[in-house]
Amino acid sequence: MSKVEDFEELRPLLFSIAYRILGSVSEAEDAVQETWLRFDASATRPTSAKAFLSTAVTRISIDVLRSARVRREEYVGPWFPEPLLSDPYQDPARSAELADSVSMAALLLMERLSPLERAVFLLREVFAFGFDEIASAVGRSEAACRQLLVRARRHMEAGRPRFAADSRERRELATRFFDALMNGDVGGLQNMLAADAQLVGDSGGKAPQLANAVVGAEKVARVLGAAFPWLLRIDVTSEPREVNGQPGAVFRDRDGRVLHALVLDVLDGKVQTVRGVINPDKLGHLGPVADAWAIDREVKRARRGMSRG
């Protein structure tokens, strides 16, 4: 196989590693591109293309994450990963690990890990790399990698999310939830929310904030039920999609531009958390992005018109 063929065959794996380390589609794509440039520039053909490329993308991603941590400390409001609609890497033998590790809840939990812990945890627990491969990828001894994994597991097990295994049940609940959402059915929403449900939005200060953090089924239902029917009135549409492996939806304005993405954490037949990604900087990979401020103004005008009427 040529270098290009080797790289293209492994590209889905490389993106999946980079995205899980970085929580950013755009940064993961950049890391994969930089990996190709290093591979293409190497004077000798590596014995194992997979070993060379996975090492390169891991080290690049660790470096990017270290600098991203500083930016995230200064981020306005809650920070969420960029929504991922489909994971390009599939491995039937690792399907449960891959699905669990890409959820927003898991990616947020991994923010507690150091960049090295995160990389070691992902390479071992999600992608089943051997410790010799991991040691080469992160530039540490096998013994050090085992210690990094122990610490990472301890952090992850302390708050590890567990979601309903029945994907059909989750999809059916999500369908009912989004129907109730757009119809303003507060009672219906409340019945589908866990008692301690949370609503959290990530706007980064660059879009109208739906909610920093609302807690409790009744409060969450009232906020959602009051906001979303007005979007329907101005021709905003809801497109059901899996978002980071969880049930969700992408909302678009009347011209088809992306307004925001919602994702639901479902456990024991109830919605535990509703997360909204509203920051336009995190939506560009989903298509042209709507002007959320203009949508907000249009909703306010519609409400004023209704109150006067």
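Description of the structure in this document.

About the thresholds
- Residues numbered from 1 in each chain as written.
- Predicted model: local features only at pLDDT ≥ 70, side-chain atom pairs only at ≥ 80, totals over all residues.
- Heavy atoms only, no water.
- Helix = DSSP H or I, 4+ residues; strand = E, 2+ residues; numbered from the N terminus.
- Buried < 20%, exposed > 50% of the residue type's maximum accessible area, 1.4 Å probe, protein only.
- Contact = heavy atoms within 4.5 Å.
- Areas by Shrake-Rupley, 256 points an atom, 1.4 Å probe, with all protein chains shown as cover.
- Salt bridge = Lys/Arg side-chain N within 4 Å of Asp/Glu carboxyl O.
- Axes fitted to C-alpha atoms, helices over the stretch in contact; angles between N-to-C directions.
- Parallel < 35°, antiparallel > 145°, perpendicular 65-115°, else oblique.
- Left-handed = near helix turned anticlockwise from the far one by under 90°.

**Quick notes on the overall build of the protein chain**
- Looking only at helices and strands, the protein chain features 12 helices and 6 strands.
- C-alpha atoms of the protein chain, sized along the principal axes, occupy 75 × 35 × 35 Å.
- A burial count over the protein chain gives 50% of its 309 residues as buried.
- In the protein chain, of all internal contacts separated by at least 6 residues, the share reaching a separation of at least 24 is 67%.
- Accessible area for the protein chain stands at about 14300 Å²; split by element, carbon and sulfur atoms hold 49% of it.

**Comments concerning the pattern of salt bridges**
- All chains considered together, the criterion is met by 23 salt bridges.
- Measuring nitrogen to oxygen at the nearest pair gives 3.9 Å for the salt bridge that ties Glu-111 to Arg-69. Highlighted residues: Glu-111 in the loop between helix H5 (104–110) and helix H6 (115–126) and Arg-69 in helix H3 (residues 49–73), separated in sequence by 42 residues.
- The salt bridge partner of Arg-118 is Glu-111, with a shortest N-O separation of 2.7 Å.
- Of the residues examined, Arg-118 reaches a relative accessible area of 0% and is grouped as buried.
- Look at the salt bridges and you will find they share partners, linking Arg-69, Arg-72, Glu-111 and Arg-118 into a network.

**Details of the packing of H6 against helix H7 (residues 131–138)**
- Two elements in contact, H6 and H7, have axes whose closest approach is 10 Å; the angle formed by their N-to-C orientations is 150 degrees. Viewed along their axes, H6 and H7 adopt a mutual orientation that is roughly antiparallel. Crossing hand, H6 versus H7: right-handed. Contact residues: Leu-116, Ala-119, Val-120, Leu-123 and Arg-124 in H6; Phe-131, Ile-134, Ala-137 and Val-138 in H7.

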